[in-house]
Amino acid sequence: MGAGTVILDGGMGRELQRRGAPFRQPEWSALALSEAPQAVEAVHAAYIESGANVITSNSYAVVPFHIGEERFAAEGKALAALAGELARRAVDAAGKPVRVAGSLPPLFGSYRPDLFDAARVTELLTPLVNGLAPHVDLWLAETQSSIIEARAIHAGLPKDGKPFWLSFTLKDEDTDEVPRLRSGEPVAEAAAVAAELGVETLLFNCSQPEVIGAAIDAARETFERLGVKIHIGAYANAFPPQPKEATANDGLDPLRDDLDPPGYLQWAADWQKRGASHLGGCCGIGPEHIAVLAQKLV
């Protein structure tokens with residue numbers, strides 16, 4: 001049990017699909033923003049009802065990788081603004097002290113540090129930030145595969161005083177004894193950079209639960225060595241291992257049967273014991289999982 005535990009929400013895309021909302025690849029969760037915004041708001045409301053203290057804007061797929069270059073250029077800022085507005089509306093309707101995290105996704109594709117293009121960061125990040133800014137309480141750069149992209153996103157944030165949360169995705173196939181980002185960079189190195197950037201919370205997401213515990217250990221040990229107080233968190237996905245050539249928008253990955261709410265709780269409880277105070281779920285982890293975390297871990 002953790003009195004200071006913060007419960008995050010779960011995945012958006014798979015929950016939209018499960019509810020019958022418009023959903024297809026490559027648009028992923030962005031499709032419902034324009035075709036069924038009420039469904040997005042309903043998913044946010046379900047997570048709040050389940051006990052989430054923080055919900056994340058549905059802006060993850062508002063990048064050219066998912067919606068195409070032309071649509072992003074024409075509608076990127078407006079879609080990001082709508083994503084922020086829907087999250088804020090759900091919080092206001094619930095009347096609970098829930099914070100909205102502005103999702104800043106991998107700008108060039110999930111799990112693909114090789115696609116990072118420093119020359120385009122400002123072009124892609126600015127519409128997202130400007131659209132989300134009026135509606136969010138904190139910035140969450142999530143599913144980051146490399147240190148260089150995390151640095152680039154941090155550099156592009158406004159000096160608005162809002163907390164910066166950073167979440168890395170971990171290598172979960174062909175692993176060795178050292179926990180690593182999908183870029184191959186050690187988690188300990190990434191944690192040291194997080195401390196340098198002044199992050200409030202460092203998280204690990206969109207990876208198999210099996211690799212997260214060691215990453216939490218590496219981050220905790222790094223922060224202790226540096227003498228810094230930074231929250232640690234985790235929100236795993238329910239996918240099998242994702243290979244290096246994964247493109248994240250060419251089909252739907254299967255979900256693991258063992259990661260039902262009781263099964264996922266066992267992992268989250270272990271992360272809490274290792275020092276994680278912020279716990280939620282990513283792809284395939286739904287409101288029923290979050291309800292169990294909120295009941296058992298707070």
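Predicted, not measured: the structure shown is a model, and the values here were computed from it.

**As for the overall build of the protein**
Now for step 1: From N to C terminus, the protein includes 11 helices and eight strands.
Now for step 2: Based on the C-alpha atoms only, the size of the protein along its principal axes is roughly 45 × 45 × 40 Å.
Now for step 3: Here the protein, with 298 residues, has 58% of them falling under the buried criterion.
Now for step 4: When contacts within the protein are restricted to residue pairs at least 6 apart in sequence, those whose partners lie at least 24 apart make up 78%.
Now for step 5: Carbon and sulfur atoms make up 52% of the accessible area of the protein, which amounts to about 11500 Å² in all.
Now for step 6: When the 26 basic and 39 acidic side-chain charges of the protein are each reduced to a single mean position, those positions are 4 Å apart.

**A closer look at the UniProt feature "binding site: Zn(2+)" (unreviewed entry) in the protein**
Now for step 1: Residues given the UniProt feature "binding site: Zn(2+)" (unreviewed entry) here are Cys206, Cys282 and Cys283. These annotated residues cover 78 residues of sequence, and their C-alpha atoms lie no more than 6.8 Å from one another, placing them together at a single site.
Now for step 2: Within the secondary structure layout, Cys206 lies in the loop between strand S6 (201–205) and helix H9 (212–226).
Now for step 3: The residues touching Cys206, leaving out its near neighbours within four places in the chain, are Tyr111, Thr143, Thr169, Arg182, Tyr235, Ala236, Asn237, Cys282 and Cys283.
Now for step 4: Relative to the helices and strands, Cys283 resides in the loop between strand S8 (278–281) and helix H11 (287–296).
Now for step 5: The residues touching Cys283, leaving out its near neighbours within four places in the chain, are Gly11, Cys206, Ala236, Asn237, Ala238 and Phe239.

**Notes on the packing of helix H3 (residues 37–50) against helix H5 (residues 69–94)**
Now for step 1: The N-to-C vectors of H3 and H5 enclose an angle of 50°; their axes lie 9 Å apart at closest approach. As summarised for this structure, H3 and H5 are arranged oblique, according to the angle between their axes. As H3 runs across H5, the sense of the crossing is right-handed. Where H3 approaches H5, its residues Pro37, Val40, Glu41, His44, Ala45 and Ile48 are matched on the opposing element by Leu86, Ala87, Arg89, Ala90, Val91 and Ala94.
Now for step 2: Each residue belonging to the contact of H3 with H5 can be placed in one class, and the counts come to nine nonpolar, one polar and two charged.

**What to know about the pattern of salt bridges**
Now for step 1: For the coordinates displayed, the defined rule picks out 21 salt bridges.
Now for step 2: With its nearest N and O atoms 3.0 Å apart, the salt bridge here joins Glu27 to Arg24.
Now for step 3: Of the charged contacts in the structure, one is a salt bridge between Glu69 and Arg120, with a shortest N-O distance of 2.9 Å. Taken together, the positions of Glu69 in helix H5 and Arg120 in the loop between strand S3 (99–104) and helix H6 (121–132) put the pair 51 residues apart, joining distant regions of the chain.

**A word on helix H8 (residues 187–197)**
Within an α-helix, residues lying three or four positions from one another point in the same direction, as the helix has 3.6 residues per turn.
Now for step 1: Those residues of H8 that fall on the buried side of the exposure criterion are Val187, Ala190, Ala191, Val193, Ala194 and Leu197. Along the long axis of H8, the arc covered by the buried residues comes to 160°, so they all point the same way.
Now for step 2: Those residues of H8 that are buried lie in contact with helix H7 (147–155), strand S5 (164–168), S6 and H9.
Now for step 3: With its phi angle positive at about 75°, Gly198 sits one or two positions after the end of H8.

**Quick look at the environment of Leu33**
Now for step 1: By secondary structure assignment, the location of Leu33 is in helix H2 (residues 30–35).
Now for step 2: What makes Leu33 buried here is its relative accessible area of 1%.
Now for step 3: Between the C-alpha atom of Leu33 and that of Ser59, which follows or precedes it by 26 residues, the distance is 8.9 Å.
Now for step 4: When sequence neighbours within four positions are dropped, the list of residues in contact with Leu33 reads Val40, Asn58, Val62, Leu79, Leu82, Ala83 and Leu86.

**A few points about the packing of aromatic side chains**
Now for step 1: Summed over all chains, the structure comprises three aromatic pairs.
Now for step 2: Between the aromatic rings of Phe23 and Trp28, the centroid separation amounts to 5.0 Å while the plane-to-plane angle is 55°, which identifies the pairing as tilted.
Now for step 3: Accessibility expressed as a relative area gives 16% for Phe23, which makes it buried.
Now for step 4: You can call Trp28 buried: its relative accessible area is 11%.
Now for step 5: Centroid distance Tyr264 to Trp271: 5.8 Å. Interplanar angle 80°. Geometry classified as edge-to-face.
Now for step 6: Tyr264 sits in the buried class, given a relative accessible area of 0%.

The rules we used
Residues numbered from 1 in each chain as written. Predicted model: local features only at pLDDT ≥ 70, side-chain atom pairs only at ≥ 80, totals over all residues. Heavy atoms only, no water. Helix = DSSP H or I, 4+ residues; strand = E, 2+ residues; numbered from the N terminus. Buried < 20%, exposed > 50% of the residue type's maximum accessible area, 1.4 Å probe, protein only. Contact = heavy atoms within 4.5 Å. Areas by Shrake-Rupley, 256 points an atom, 1.4 Å probe, with all protein chains shown as cover. Lys, Arg positive; Asp, Glu negative; His and termini not counted. Charge placed at Lys NZ, Arg CZ, Asp CG, Glu CD. UniProt positions renumbered as here; feature names shortened; annotations may be inferred. Axes fitted to C-alpha atoms, helices over the stretch in contact; angles between N-to-C directions. Parallel < 35°, antiparallel > 145°, perpendicular 65-115°, else oblique. Left-handed = near helix turned anticlockwise from the far one by under 90°. Nonpolar A, V, L, I, M, F, W, Y, C, P; charged D, E, K, R; others polar. Salt bridge = Lys/Arg side-chain N within 4 Å of Asp/Glu carboxyl O. Arc of directions from axis to C-beta. Phe/Tyr/Trp six-rings, centres within 6.5 Å; stacked < 30°, edge-to-face > 60°.

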